[in-house]
Amino acid sequence: MNFLMVISIGRKLKNQLSTKSLKKNFINQNKQLFGEEIYLNKLSFANNKKKVNIHDSWYYQLIDEFEKKYWIDLIVKVKNSYRKKIIYPKPSLIFNAFNSTHFNDVKVVIIGQDPYHGQEQANGLSFSVNEGITVPPSLLNIFKELESDLNIPISKSGNLQYWANQGVLLLNTVLTVEKDNANSHKNLGWEIFTRKAIEIVSSKLENIVFILWGKQAHSIQDIIDKSKHHIISSVHPSPLSANKGFFGSNPFSKTNKFLVSKGLKPIDWKLN
């Protein structure tokens with residue numbers, strides 16, 4: 001698409017947005033979802049090059065994905081879902097895992113399934129919930145294991161942002177979900193994208209700890225270079241399985257032991 005064609009498309013779309021309120025809502029939603037799209041803002045080559053609202057350190061690692069058919073199909077489906085239904089997390093937090101833990105800062109990867117589907121729970125980090133939300137059962141079991149493993153008292157807050165800020169990539173394999181409908185966005189295409197992100201971490205970084213809880217997380221083991229990285233796996237912390245091998249697995253002390261052995265700073269698992 002040439003430059004003049006982009007301008008023409010932009011003018012047509014703006015004309016279609018007939019009311020100020022409709023235009024404002026449309027612009028704000030798309031800014032949150034996928035950055036400042038070219039037909040909604042002043043055209044400049046610098047802004048036009050980046051189409052997804054994800055940190056630069058990840059954007060340029062994943063840039064080829066954003067031109068692929070699966071991605072184009074995916075974002076159409078996701079945008080339509082946000083327009084028609086209640087979807088979590090809020091658009092600005094879809095890529096929170098990537099924006100909180102920059103590519104070269106990754107030390108640990110904890111794989112989750114999809115965001116919590118209850119009201120105001122999801123914040124874009126696997127297993128994490130927003131401040132003021134009751135700690136979900138699986139996360140409570142994670143805190144119980146943390147207490148047993150490192151004698152860290154159970155946190156009243158379920159927000160794991162502090163872990164993410166230290167280099168713990170809290171990545172769900174699916175990044176959006178419909179309210180009260182778990183796994184509703186499974187097979188939309190997110191799995192292709194997040195699997196690629198994990199592949200890139202494995203191939204380009206070294207000495208990463210991958211914490212894999214449950215069968216779905218175990219399924220990514222085939223793309224992890226075991227000669228460069230350390231895998232800690234067990235059953236899922238869900239109440240249905242935690243007593244079958246999660247409790248007593250000591251993932252937090254094992255993670256820090258490995259990091260220290262490689263001359264890296266351990267994770268402070270205590271939530272502030």
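Residues numbered from 1 in each chain as written. Predicted model: local features only at pLDDT ≥ 70, side-chain atom pairs only at ≥ 80, totals over all residues. Heavy atoms only, no water.

J.: Please give an account of the overall build of the protein that cites residues and values.
T.: A tally of regular secondary structure across the protein gives 11 helices and six strands. Within the span of the protein, comprising 272 residues, buried residues form 49% of the whole. Carbon and sulfur atoms make up 51% of the accessible area of the protein, which totals about 13800 Å². (Helix = DSSP H or I, 4+ residues; strand = E, 2+ residues; numbered from the N terminus. Buried < 20%, exposed > 50% of the residue type's maximum accessible area, 1.4 Å probe, protein only. Areas by Shrake-Rupley, 256 points an atom, 1.4 Å probe, with all protein chains shown as cover.)

J.: How would you explain the pairing of strand β2 (residues 108–112) if you had to name every residue and give the values?
T.: Along β2, five of the five residues are buried, which leaves the element largely enclosed by surrounding structure. Here β2 shows a buried face lined by V108, I110 and G112 and a second buried face lined by V109 and I111. Where β2 lies against strand β3 (residues 168–172), five bridges are found, and the strand directions are parallel. Looking at β3, one finds that I111 is bridged to L171. (Pairing = 2+ DSSP bridges.)

J.: Tell me about the side chain of S155, residues and numbers included.
T.: Here S155 lies in the loop between α7 (137–150) and α8 (161–165). Sequence-distant contacts of S155, defined by excluding residues within four places in its chain, comprise V135, F143 and L271. (Contact = heavy atoms within 4.5 Å.)

J.: Describe in detail the packing of helix α5 (residues 69–84) against helix α9 (residues 190–204), supporting the description with residues and values.
T.: The geometry of α5 relative to α9 is characterised by a closest axis approach of 9 Å and an angle of 125 degrees between their N-to-C directions. By the angle between their axes, α5 is oblique relative to α9. The segment α5 lies against α9, with Y70, W71, L74 and V78 engaging W190, I192 and F193. Considered class by class, the residues forming the contact of α5 with α9 number seven nonpolar, no polar and no charged. (Axes fitted to C-alpha atoms, helices over the stretch in contact; angles between N-to-C directions. Parallel < 35°, antiparallel > 145°, perpendicular 65-115°, else oblique. Nonpolar A, V, L, I, M, F, W, Y, C, P; charged D, E, K, R; others polar.)

J.: Mind laying out the pattern of salt bridges, listing which residues take part and the relevant values?
T.: Where charged atoms from two side chains of opposite charge come close, those side chains can pair. Across all of its chains, the model carries six salt bridges by this definition. K85 is the salt-bridge partner of E178, the closest N and O atoms lying 3.5 Å from each other. A residue pair is termed long-range when its members are at least 10 positions apart, and E178 in strand β4 (residues 177–178) and K85 in the loop between α5 and β1 (87–88) qualify at 93 residues. Note that D180 and K179 form a salt bridge whose closest N and O atoms lie 2.8 Å from each other. On the accessibility criterion, D180 (52% relative accessible area) is exposed. On the basis of relative accessible area, K179 is assigned to the partly exposed category, the value being 27%. (Salt bridge = Lys/Arg side-chain N within 4 Å of Asp/Glu carboxyl O.)

J.: Please set out the environment of F247 residue by residue, giving values where relevant.
T.: Relative to the helices and strands, F247 resides in the loop between β6 (230–234) and α11 (251–261). Judged by its relative accessible area of 32%, F247 is partly exposed. Residues within four places of F247 in sequence aside, it is in contact with N141, K144, E145 and A242.

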